[in-house]
Amino acid sequence: TPLCNSDPLGELETIIKCFSLGLSRSGMVRYDGWCANGWDTHSQNNMQALHYEELFMVLNSLMDELNSTTGESGSSLLDEVTVMVFSDMGRHPRLNVSNGKDHWTFTSAMLMGAGIEGGQVIGAMNDNFQGEPVALNTGEVSESGTALTPEHIGATLLTLADIDPAEYLPNT
């Protein structure tokens with residue numbers, strides 16, 4: 001990956017320090033892609049590869065840092081922190097006439113760290129590139145399942161934090 005002057009790890013260092021001292025239970029970082037060029041590529045879709053390369057480099061560094069930092073409980077922060085990567089919108093699965101990707105109503109989220117069993121994919125898309133319903137107890141695609149919503153992700157995060165989601169999200 002070509003180098004640029006951006007520092008995507010800078011904000012993460014402050015958040016990790018707050019976690020290790022028990023000052024915060026959550027943090028949010030906005031990542032604007034390689035060299036802060038933005039992910040909104042309605043053209044020049046070739047930039048997406050640079051964005052993803054840097055994003056996964058940053059995530060690998062973050063997980064290494066969490067693993068080597070002691071948390072308030074005395075164990076590794078990796079045992080205490082769940083990381084979620086998501087976007088407010090997806091990108092259309094097909095290229096447009098400008099060799100880019102337009103907005104799409106379906107997106108994905110990635111969770112890793114404390115409480116997450118790795119190597120899983122929850123849900124799928126059908127032949128029309130729309131989200132398939134899933135059985136909430138297994139995460140498997142099921143015709144009789146439920147269409148996933150942001151509330152389901154919120155309920156997952158609350159559960160991981162040992163908070164009953166029914167108090168905050170009664171319809172999940």
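Computed from a predicted model, the values in this text were never measured in an experiment.

Visitor: What's the story with the pattern of salt bridges in this structure? I'm lost.
Guide: Where side chains of opposite charge bring their charged atoms close, a pairing between them can arise. What the rule picks out here adds up to two salt bridges. Here Asp 32 and Arg 30 are joined by a salt bridge, their closest N and O atoms 2.7 Å apart. With relative accessibility at 29%, the residue Asp 32 sits in the partly exposed group. One salt bridge connects Asp 40 with Arg 91, and the closest N-O pair in it is separated by 2.8 Å. Of this pair, Asp 40 sits in the loop between helix H1 (10–20) and helix H2 (47–68) while Arg 91 sits in strand E2 (residues 90–91), and the two are 51 residues apart along the sequence. The class of Asp 40 is partly exposed, set by a relative accessible area of 48%. Judged by relative accessible area, Arg 91 falls into the partly exposed class, the value being 23%.

Visitor: Is there a simple way to explain unusual backbone geometry in this structure?
Guide: Peptide bonds are mostly trans, and most non-glycine residues show a negative phi. Backbone geometry places Cys 35, a non-glycine residue, at a positive phi of 55°. Counting through the fold element by element, Cys 35 comes out in the loop between H1 and H2. In the Ramachandran plot, Asp 162 falls in the positive-phi region, its phi being about 60° despite a non-glycine side chain. Assessed through its relative accessible area of 74%, Asp 162 is described here as exposed.

Visitor: Which parts of the structure should I look at to understand the confidence of the model for the protein?
Guide: The predicted coordinates of low-pLDDT regions are not to be read in fine detail. A residue-level look at the protein finds 95% of positions with pLDDT of 70 or above and a mean pLDDT of 88. In the model of the protein, E2 stands out as the element of lowest mean pLDDT, 84, in contrast to strand E4 (residues 109–113), which has the highest, 95.

Visitor: I'm lost on the nonpolar core in this one. Help?
Guide: A general tendency of soluble globular proteins is for nonpolar side chains to be buried together. Formed by 15 residues in total, the largest nonpolar core has its most connected members in Leu 59, Leu 62, Leu 66 and Val 83. Only H1, H2 and strand E1 (82–86) provide two or more residues apiece to this core. With six residues, H2 is the largest single contributor of residues to this core. Apart from residues lying up to four places away in sequence, Val 83 is in contact with Leu 59, Leu 62, Met 63, Leu 66, Met 110, Leu 111 and Met 112.

Visitor: Even after reading the chapter, I still don't get helix H3 (residues 150–160), so can you show me in this structure?
Guide: Two residues of an α-helix separated by three or four positions point the same way, owing to the 3.6 residues in each turn. Those residues of H3 not exposed but buried are His 152, Ala 155 and Leu 158. For H3, the arc enclosing every buried residue in end-on projection is 125°, short of the 170-degree limit, so these residues lie on one face. One or two positions beyond H3, positive phi appears at Asp 162, with a value near 60°.

Visitor: Just checking my understanding: could you explain H2 for this structure?
Guide: Between its terminal C-alpha atoms H2 stretches 32 Å, which fits the 32 Å expected from 22 residues at 1.5 Å a residue. Inspection of H2 places Met 47, Gln 48, Leu 50, His 51, Glu 54, Leu 55, Val 58, Leu 59, Leu 62, Met 63 and Leu 66 among the buried residues, and these make up the whole buried set. Those residues of H2 that are buried are in contact with H1, E1 and E4.

Visitor: Can you walk me through the environment of Met 110 in this structure?
Guide: You can see Met 110 is positioned in strand E4. Met 110 sits in the partly exposed class, given a relative accessible area of 28%. Remark: the alpha-carbon pair of Met 110 and Ser 73, spanning 37 residues in sequence, is separated by 25 Å. Dropping the residues within four chain positions of it, Met 110 is found in contact with Phe 56, Leu 59, Val 83, Met 84 and Val 85.

Cut-off values and rules
- Residues numbered from 1 in each chain as written.
- Predicted model: local features only at pLDDT ≥ 70, side-chain atom pairs only at ≥ 80, totals over all residues.
- Heavy atoms only, no water.
- Salt bridge = Lys/Arg side-chain N within 4 Å of Asp/Glu carboxyl O.
- Buried < 20%, exposed > 50% of the residue type's maximum accessible area, 1.4 Å probe, protein only.
- Helix = DSSP H or I, 4+ residues; strand = E, 2+ residues; numbered from the N terminus.
- pLDDT = per-residue confidence, 0-100.
- Core = buried A, V, L, I, M, F, W, Y, C linked by side-chain atoms within 4.5 Å.
- Contact = heavy atoms within 4.5 Å.
- Arc of directions from axis to C-beta.
- Expected span 1.5 Å × (residues − 1).

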